[in-house]
Amino acid sequence: MSELSAEDPDERYRPLPTGTHGLDPEAVKRDQRERLQHAMIELIAQKGYPAVRIVDLARLAHVSQPTFYRLYADKEALFMCAYEEIAQRTAQTVMQAYSVEGPDGQRLRAGMRAFARLAVADPEAMSLLVLGAFGAGTKPLEGRRRALEALEAGIRMSRDRASAQEPNDLTVRMILGGIREVTAARLRHGRAVELAPLADELAAWAGSYPRQLPAGLSAPAATPPGAGEAAAAEPSERARRAEGRLPSGRSELPRQFIVKSQRERIVDATAAIVAEKGLAALTIPEIARRANISHQTFYEIYDSKRDAFLGAQKIGLHQALQVAVKAYEGKQDDWPSAVAAGLHALIAFLASEPAHAHLSVVDTFAASPEAIEIRDTALHAFAAYLGPGYELAGGDGHVPAIAAEAIAGGIWQILHNYVANDCLASLPGAAPQITYMALTPFIGPERAAAAATA
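Another point: the pattern of salt bridges. Applying the stated criterion to the full structure yields 24 salt bridges. Here Arg290 and Glu286 are joined by a salt bridge, their closest N and O atoms 3.0 Å apart. Residue Arg290 and its partner Glu286 are located together in helix H13 (residues 284-291), separated by 4 residues, close to a single helical turn. Taking the shortest distance from any N to any O, the salt bridge between Glu370 and Arg306 comes out at 3.0 Å. A residue pair is termed long-range when its members are at least 10 positions apart, and Glu370 in helix H18 (residues 369-384) and Arg306 in helix H15 (residues 305-329) qualify at 64 residues. For Glu370, a relative accessible area of 35% translates into the label partly exposed. Taken together, the shared-partner salt bridges connect Arg180, Glu181, Arg188, Glu373, Arg375 and Asp376 into one network.

This is the structure:
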C-alpha cells in the first residue's frame, strides 16, 4: 500500500480494464480488494470509521456496490482485512530487518529504522495500525491484540530463542508498547517525519534491557484466572463511597454533597456498563437505572453519554495519578524507591477499580480522539516522575531523551494486556518486574532489580 500513497488519487484507484480483457478473475478480485482497502484507510483518516459508508467506499475505489458485497460481507469485514494486511506487512518488514546477523544494537537499529520508514511513507495506514479506528467496535480491538501478539512472539523468538517460550518476561511487550506509543503520538499530530531521527534513540532505549530477566522478577501470565485462583482486590475507598445511596425525596444534605454523590454514581455506572457490555451498549437510560437517578438528573450533570464516558475516564485517571503521586512523594528522597512505591500503588489501585481500569486503559481506543488526548495527558504526567532518572544517570546523554516517554507507553501497554484479558487479580504480581523495567535504563539492571525486589 505504501507505494501508492504518494500517487495521484485518480491513479491510486484506477481500475483494471473492463469488458473482455482476458485477465485472471482472481487478479481482478485482488485489485478490487486492494482498492477498497486503500479507500477504507483513506476515508477513516478523513472522517473516522463511523462516518464511512459503503457507498463512499465503492465510489472512491471505483467498484460497484454489488461488487463490494461479493468481496466483503460488510464494512467491518473490509476494515479487518485492511488492518490485517497492514499488520502483516509491518511485521514482515520489521522482522526482515531485525533478523539479520549482527550485534543486538545493530539489529535493533535496523528494525526501528525499517518501522520508521514505513510510518513516514504511509502515515495513514500506520496510524490505523497503532491507534485503531474510533467507534469500530470490539472485533477490530481483538484484531489489534492478535496482530501485536504475533509481532511480539516473532521478536521474542528472534531476540532470544532459548527463552522464547518464557511467558513471564514482559520485556518485549514493554519495548513494543513504548515504540507504539511514541509512534502514535507523532502520527496523531502529523509529525511522522520525527520518527526517522528517533529510531536510533528508541533502539538505544530498547537495548538497555538485558536478554535475561534477573531472578525473582517473573510476572504472572496474563491469562484469565480459573476456579480457586486469586480473587479480585478489595474495592477502593472511592468505590465504596460511591456505592452508598442517598435517601430519596427531600434531604437536608448540602446540594454540593448530593451532586457529588450523583456524579460518582453516574461515572461508576458508565464504567460498569462499558466494561460488561462494550461502548456500543452505553445508553443514558441504562446509566440512569444503574446510578439510581432520573434522566433529568443525568442531564443536569452531563450533556450526553459521550460526556459521561469522558467524565468517567478523567475521574479514573485522576484518582490513579493521585494515588501514585502520594506514594511516590512519600519516598522521594530515594528516587528508585519512590518509583517503586508509585508503581505499586498505581497497580493496586487499578486492581481495586476493575471497571474504571477497563474503561480508561482498554475502552479508550474505541471511544474518540478526545479520550486519547485525556489518556495522553495522564501518560505525560506519569512520565514526568521519571525525569529525575536522567540526573541520577549522570546526565551524560547515555540515556536517550525518549526513554521516559517510551517507558510510560510500555507500562501502559503491559497494563492494557492484563486488563483486557481480565487478569487484574494477577497484575499486582507483575509490579516488581514493571518497576525493574521503569528503572533499568537509568540505573542499570542490577540496581533496578534490587530496588524492584526490596
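Once you've had a look at it, read on.
Quick look at the confidence of the model for the protein now. Averaged over all residues, the pLDDT of the protein is 84; the fraction at 70 or higher stands at 84%. The secondary structure element of the protein with the lowest average pLDDT is helix H11 (residues 237-243), at 56, and the one with the highest is helix H21 (residues 431-443), at 96. Below a pLDDT of 50 lies the segment residues 1-7, which in the model reaches 16 contacts outside its immediate sequence neighbourhood of four places, other chains included. In this model, residues 227-231 is a region of pLDDT below 50 whose contacts with residues beyond four sequence positions or in other chains number 3 contacts.

Pairs of packed helices are described in terms of their axes, by the angle between the two and the distance that separates them. With their axes 9 Å apart at the nearest point, helix H2 (residues 25-47) and helix H3 (residues 54-61) run at an angle of 120° to one another. With respect to H3, the element H2 is oriented oblique. Like other packed secondary-structure pairs, H2 and H3 cross with a definite hand, here right-handed. Here Arg35, Leu36, Ala39, Met40, Glu42, Leu43 and Lys47 of H2 come into contact with H3, specifically with Asp56, Leu57, Ala58, Leu60 and Ala61. Class assignment of the residues belonging to the contact of H2 with H3 gives a composition of 8 nonpolar, no polar and 4 charged.

This brings us to the packing of H2 against helix H5 (residues 75-98). Where H2 meets H5, the axes come as close as 9 Å, and the angle between the chain directions of the two elements is 95°. In terms of their interaxial angle, H2 and H5 are classed as roughly perpendicular. When H2 is examined against H5, the residues Leu36, Gln37, Met40, Ile41 and Ile44 are found in contact with a partner set consisting of Lys75, Leu78, Phe79, Cys81, Ala82, Glu85 and Ile86. Of the residues contributing to the contact of H2 with H5, the split by class is 9 nonpolar, 1 polar and 2 charged.

Another point: the packing of aromatic side chains. Going through the model one piece at a time under the given rule, you end up with 10 aromatic pairs. Centroid distance Phe298 to Tyr299: 5.4 Å. Interplanar angle 90°. Geometry classified as edge-to-face. Among the residues examined, Phe298 registers a relative accessible area of 0% and is labelled buried. Aromatic ring contacts, followed pair by pair, group Tyr49, Phe79 and Tyr83 into a single cluster. In this structure, Lys75 packs its charged tip against the face of Tyr49, placed 4.2 Å from the ring centre. One Lys or Arg, Arg107, reaches over the ring of Tyr98 and ends 4.5 Å from the middle of that ring.

Tracing the backbone shows Glu181 in helix H9 (residues 171-188). Residue Glu181 is classed as buried on the basis of its relative accessible area, which comes to 6%. In this structure the side chain of Glu181 is engaged in a polar contact, spanning 2.6 Å, whose partner is the side chain of Arg375.

Further remarks concern H3. One full turn of an α-helix is made of 3.6 residues, so residues set three or four places apart face in the same direction. Buried within H3 are the following residues: Ile54, Asp56, Leu57, Ala58 and Ala61. Its buried side turned inward, H3 meets H2, helix H4 (65-71) and H5. His62 sits one or two positions beyond H3 and adopts a positive phi of about 60°.

Moving on, we come to unusual backbone geometry. Its identity as a non-glycine residue notwithstanding, Asn292 has a phi of 60°, on the positive side. Within the secondary structure, Asn292 is located in the loop between H13 and helix H14 (295-301). In this structure, Asp422 takes a positive phi of about 55° despite not being glycine. Looking at the element boundaries, Asp422 is found in the loop between helix H20 (403-420) and H21.

Definitions and limits used
- Residues numbered from 1 in each chain as written.
- Predicted model: local features only at pLDDT ≥ 70, side-chain atom pairs only at ≥ 80, totals over all residues.
- Heavy atoms only, no water.
- Salt bridge = Lys/Arg side-chain N within 4 Å of Asp/Glu carboxyl O.
- Helix = DSSP H or I, 4+ residues; strand = E, 2+ residues; numbered from the N terminus.
- Buried < 20%, exposed > 50% of the residue type's maximum accessible area, 1.4 Å probe, protein only.
- pLDDT = per-residue confidence, 0-100.
- Contact = heavy atoms within 4.5 Å.
- Axes fitted to C-alpha atoms, helices over the stretch in contact; angles between N-to-C directions.
- Parallel < 35°, antiparallel > 145°, perpendicular 65-115°, else oblique.
- Left-handed = near helix turned anticlockwise from the far one by under 90°.
- Nonpolar A, V, L, I, M, F, W, Y, C, P; charged D, E, K, R; others polar.
- Phe/Tyr/Trp six-rings, centres within 6.5 Å; stacked < 30°, edge-to-face > 60°.
- Lys NZ or Arg CZ within 6 Å of the ring centre and 35° of its normal.
- Polar contact = N/O pair within 3.5 Å; in protein donor to acceptor, adjacent residues only side chain to side chain.

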